[in-house]
Amino acid sequence: GTNWNEWTEFRLTYTAASTSNRLLFMAQIVHANTSATSTIFKFYNNTASADITGAIGDADGSRPRCTGRGHNNSTSWAGTHYLQAWVTPINTSANEYTIQAWNHNGSGNTMRINSNSNNADSGTTDNARGVSQFTIMEFQSGIL
């Protein structure tokens, strides 16, 4: 797309025990896109409809703020991208968190999870399928 798109496969609902605690967001994304170019990713709070403070880069000019970026440079390849962020809970209610992605080439190309760019089915390592995951761990205040 031409802006942020949610990957609904990564939705997690989490209730923090205390706003004094710290949450560790970790994600491994096996990702490809049909345009063989860059994609940026970010953790996002669906409940608050807001970016997560501390989980995206600082504002600097017109650059998009994100948690991380990835690139695949062939129409048959994919890449594994790791994202991590320390998050301070905004409340002790249930919040739905997700991962959003934005592809460099905009509309007209497809982003894929756990697959290669062209989604071909052959026995080569270029077309291997991987595992993506999103995990939240909570650490009590004073531990870190």
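Residues numbered from 1 in each chain as written. Predicted model: local features only at pLDDT ≥ 70, side-chain atom pairs only at ≥ 80, totals over all residues. Heavy atoms only, no water.

Caption draft 1: Just the overall build of the protein chain, in detail. When you go through the protein chain residue by residue, the secondary structure sums to zero helices and nine strands. Over its C-alpha atoms the protein chain spans a radius of gyration of 16 Å, differing by no more than 12% from the 15 Å that the globule rule assigns to 144 residues. The C-alpha extent of the protein chain, read off along each of the three principal axes, is 50 × 35 × 25 Å. Counting across all 144 residues of the protein chain, residues that qualify as buried make up 40%. (Helix = DSSP H or I, 4+ residues; strand = E, 2+ residues; numbered from the N terminus. Rg over C-alpha atoms; globule rule 2.2 N^0.38 Å. Buried < 20%, exposed > 50% of the residue type's maximum accessible area, 1.4 Å probe, protein only.)

Caption draft 2: Layout of the pattern of salt bridges. On inspection of all chains with the given rule, the structure shows four salt bridges. Two residues, Arg63 and Asp60, come together in a salt bridge whose shortest N-O distance is 3.2 Å. Residue classification places Arg63 among the exposed residues on the basis of a relative accessible area of 59%. We classify Asp60 as partly exposed; its relative accessible area is 44%. Each of the salt bridges in this network shares a partner with another, and the network as a whole consists of Glu6, Arg11 and Glu96. (Salt bridge = Lys/Arg side-chain N within 4 Å of Asp/Glu carboxyl O.)

Caption draft 3: Focus on the side chain of Ser38. Mapped onto the elements, Ser38 comes out in strand β3 (residues 38–45). By relative accessible area, which is 15% here, Ser38 ends up buried. One polar contact links Ser38 to Arg69, side chain to side chain, over a distance of 2.5 Å. In contact with Ser38, not counting residues within four places along its chain, are Asn33, Arg69, Gly70, His71, Trp102, Asn103 and His104. (Polar contact = N/O pair within 3.5 Å; in protein donor to acceptor, adjacent residues only side chain to side chain. Contact = heavy atoms within 4.5 Å.)

Caption draft 4: Representation of the nonpolar core. Ranked by size, the top nonpolar core spans 20 residues in total, and within it Phe25, Ile29, Phe43 and Phe134 carry the most contacts. Of all the secondary-structure elements, those providing two or more residues to this core are β1 (5–15), β2 (22–33), β3, β6 (79–87), β7 (94–103) and β9 (133–139). Here this core gets four residues from one element, more than from any other, and that element is β2. Once you skip the residues sitting within four places of it in the chain, Phe134 turns out to touch Phe10, Leu12, Phe25, Met26, Ala27, Phe43, Tyr97, Thr98 and Ile99. (Core = buried A, V, L, I, M, F, W, Y, C linked by side-chain atoms within 4.5 Å.)

Caption draft 5: View of the environment of Arg22. Tracing the chain through its elements places Arg22 in strand β2. When its relative accessible area of 32% is taken as the criterion, Arg22 is described as partly exposed. When the C-alpha positions of Arg22 and Trp4 are compared, they lie 26 Å apart, and in sequence the two are 18 residues distant.

Remember, this is a structural readout, not a statement about activity or role.
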